[in-house]
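The chain contents come next:
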Amino acid sequence: MLSTITKPDIRISAVIFLLLRALVPTALSQNALQIPDTLSGTKIDLDLRTDSFSFYPGFYTQTMGVNSAILGPTLFLNKGDLVKFSVKNSLPDTTTLHWHGLHVSSSDDGGPHTIIAPGTTWSPEFRILNRAATYWYHPHLHHKTDKHVSKGISGLLIVRDQFEAKLPLPRSYGSDDFPMVIQTKDFDTNKEILIHSNNDDVVMVNATIEPFLKVGAQVIRCRVLNGSSQRTFNLGLTDNHVMYLIASDGGLLNKPESVTRLMLSPGERAEILIDFSEDKGKKIALLSYASELANGIYGASNPGMGPGMNLTGYKPNVLNGTDFNVLEFKIGAPTANPITQIPNNLINNTRIPESQSDITRNLLLSPRTMGMNQLNGGFLINNQKFSPTRIDYRIPINNTEIWSIRNMSGIAHPFHIHDVQFFILDRNGMSPSSAELGLKDVVLIRPQETVRFITKFEDFADTTVPYMFHCHMLTHEDDGMMEQFIVFDTSQTLSFRKVNANRRPITYPNPVYDSKIFLNSENNTTVKEINLYSVTGEKLTEVGIFSKNTEFVIEIPLGLNGWYFLEVVTESTSSYERVLINN
Ligand code: C2O
Ligand code: CU
Ligand code: CU
């Protein structure tokens, strides 16, 4: 941004301003935090539109918003309710609207396949199945997600349930329970928002730059979303005032976890309680202690693993690697009926035991081009770029799965999966901290790190509309760091099976349709290994094989057509069968 300013006097004063802001982090908060409107009930009408909004006095910035000039209303939904949405696209551009974190069918999910043409309305209707927590909604059109989000479309979605309702927690919206959509953006000299920029040097909360918030001397609740395109925050309060994490992405924790730092990568949410009971009359700031971020995280001094790994446009930026103000609390008299205590316990989470897993899938995050310049070259999942016509995983409904994701690139990626919430099992083999034991839908995976999580794919099977998984750095996602899966109903596909009483394992159907081969290993045969070979004898490694009771299901990647050899290795024999794959 600075380099495009032409008048030298403005440049100098801007530099002084930025220096002052960095040196005196709590001195310049000057705008009352805006609190988005709310919508609740079982009929939600949203209108996505273009508008203009004044971030800076005297400037009107072109924006996109939902029912307003910027951002969207906070939606309050009750678990169990059947909600009818109407999403009107008044933008001059095609888009989609995704309910990030919600467990809904793939056709209601609002992913890149569920497009809303300009001037049309999308009307999904679904039941709210998620637990009480803070979710969000944002556009998800491939190649356009960053643009539509950066220009302003996103909103919080708060689910309430009976368990949360029983707890003595602050829940008066805008009075002791506050929405906080934290974002960084890059503005040009005309104060227009630049997209796909690595020079995001303006911090805002709920579209308020330099915000302050008047709160009572009591326990308050902050529902924080990192809605930035790329930047990770390392949140903490002045003087290490304690914060209590009560909820992660998809639900409450077992008990409040006291923390002084909370790292939040793009897409992640956290609900925190802060006890200001003893702080009447004080000003306490919420900062991002970015100086403490490790190299290899967007937001640290070095976005890659060392000073030699550069990202074009990343430096200089006053936010990188320095501690900066996010918001200032001004603490006054308590509200009526304040909450004054942090509860000891919240809910009981039952984590899925590892032993229940049906399959482990290994995923690899890697740079498209190796070497020191890799941060500018884009990133891949399993060595592939997104293709909307390729299904990367076919998951049997009710499968419990471990996803083991290895990051072999030089930068941390916030990995997100649709449809499900998961439990983190470990990071490089080490158990997660107690703050990471709750339900999640985004997890930041650092360079050289392998993160394993466990989840179960329940309720929604659909072989036509896929769900996405991707990096939630929107520049990476738009660039193709995304893949897709379908969940299929095994009871349907199993129905066309024949029973065969041969002595060796049998395959059917043959030829293979619908990209699956079923093997039946009854008759006391122990199948040790199954392999698929091309007619020229080349072993195909991309074939996924897993067992389910006595069945073996072989997932054939799309694109395989023609004759192949299927090898079934048992204790004593190895048999080949010629199969015709007709994908
Ligand atoms: Cu928040 Cu696939 O997105
Ligand atoms: Cu999502
Ligand atoms: Cu990424």
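Parameters at a glance
- Residues numbered from 1 in each chain as written.
- Chains lettered and ligands numbered in written order.
- Predicted model: local features only at pLDDT ≥ 70, side-chain atom pairs only at ≥ 80, totals over all residues.
- Heavy atoms only, no water.
- Core = buried A, V, L, I, M, F, W, Y, C linked by side-chain atoms within 4.5 Å.
- Buried < 20%, exposed > 50% of the residue type's maximum accessible area, 1.4 Å probe, protein only.
- Helix = DSSP H or I, 4+ residues; strand = E, 2+ residues; numbered from the N terminus.
- Contact = heavy atoms within 4.5 Å.
- Pairing = 2+ DSSP bridges.
- Axes fitted to C-alpha atoms, helices over the stretch in contact; angles between N-to-C directions.
- Donors = N, O, S within 2.8 Å, 3.2 Å for Na, K, Ca; no water.

**Student:** Describe in detail the nonpolar core, supporting the description with residues and values.
**Tutor:** In this structure, Met180, Leu235, Val326, Leu327 and Phe329 are the most contacted members of the largest nonpolar core, which totals 40 residues. Here this core takes 5 residues from strand β24 (residues 323-332), the largest share from any one element. With sequence-adjacent residues up to four places away left out, Val326 is seen in contact with Ile182, Val203, Val205, Pro211, Leu235, Leu286, Leu287 and Ser288. Core analysis: the second largest hydrophobic core is formed by 32 residues, Phe379, Trp403, Ile424 and Phe453 among them.

**Student:** Let's hear about the sheet that holds strand β2 (residues 38-40): which residues, and what values?
**Tutor:** Pairing is mixed across the open sheet formed by 5 strands, whose spatial order is β2-β5-β11-β10-β7. Of all the strands in the sheet, just β2 and β7 (98-100) have a single pairing partner and so form its edges. When the angles between neighbouring strand axes are averaged without regard to direction, this sheet yields 25 degrees. Pairing of strand β5 (residues 74-78) with strand β11 (residues 155-160) involves 4 bridges; the strand directions are parallel.

**Student:** Got a sec to walk through the coordination of the copper ion (ligand 2)? Specific residues and values, please.
**Tutor:** At this site the copper ion (ligand 2) is bound by His98 (NE2) and His416 (NE2), with donor distances of 1.9 Å. Separated by 318 residues along the polypeptide, His98 in strand β7 and His416 in strand β29 (residues 413-417) bring together distant segments of the chain. The buried category is assigned to His416, whose relative accessible area is 0%.

**Student:** Which residues make up the pairing of β24, and what values do they have?
**Tutor:** Within β24, 7 of the 10 residues are buried, leaving the element largely enclosed by the surrounding structure. When strand β16 (residues 211-216) meets β24, the two strands line up parallel, connected through 5 bridges. Residue Gly216 lies in a different strand from β24, and its bridge partner there is Gly332. Relative to β24, strand β23 (residues 283-289) runs antiparallel, the two being bridged by 7 bridges.

**Student:** An account of the coordination of the copper ion (ligand 3) is requested, with residue identities and associated values reported.
**Tutor:** Listed as protein donors to the copper ion (ligand 3) are His413 (ND1), Cys471 (SG) and His476 (ND1); their distances from the metal cover 2.0 to 2.1 Å. Positions of the donor residues of the copper ion (ligand 3) along the chain correspond to the pattern H-x57-C-x4-H. Here Cys471 matches His476 in class, with each residue buried.

**Student:** Help me get a handle on unusual backbone geometry, residues and values and all.
**Tutor:** Cis geometry is adopted by the peptide bond preceding Pro316, which originates at Lys315 and carries an omega value of 0 degrees. With phi around 65 degrees, Lys191 is a residue other than glycine that occupies positive phi space. Along the chain, Lys191 falls in the loop between β12 (177-187) and β13 (193-194). We classify Lys191 as buried; its relative accessible area is 15%. For Asn428, which is not a glycine, the phi torsion comes out positive at approximately 45 degrees.

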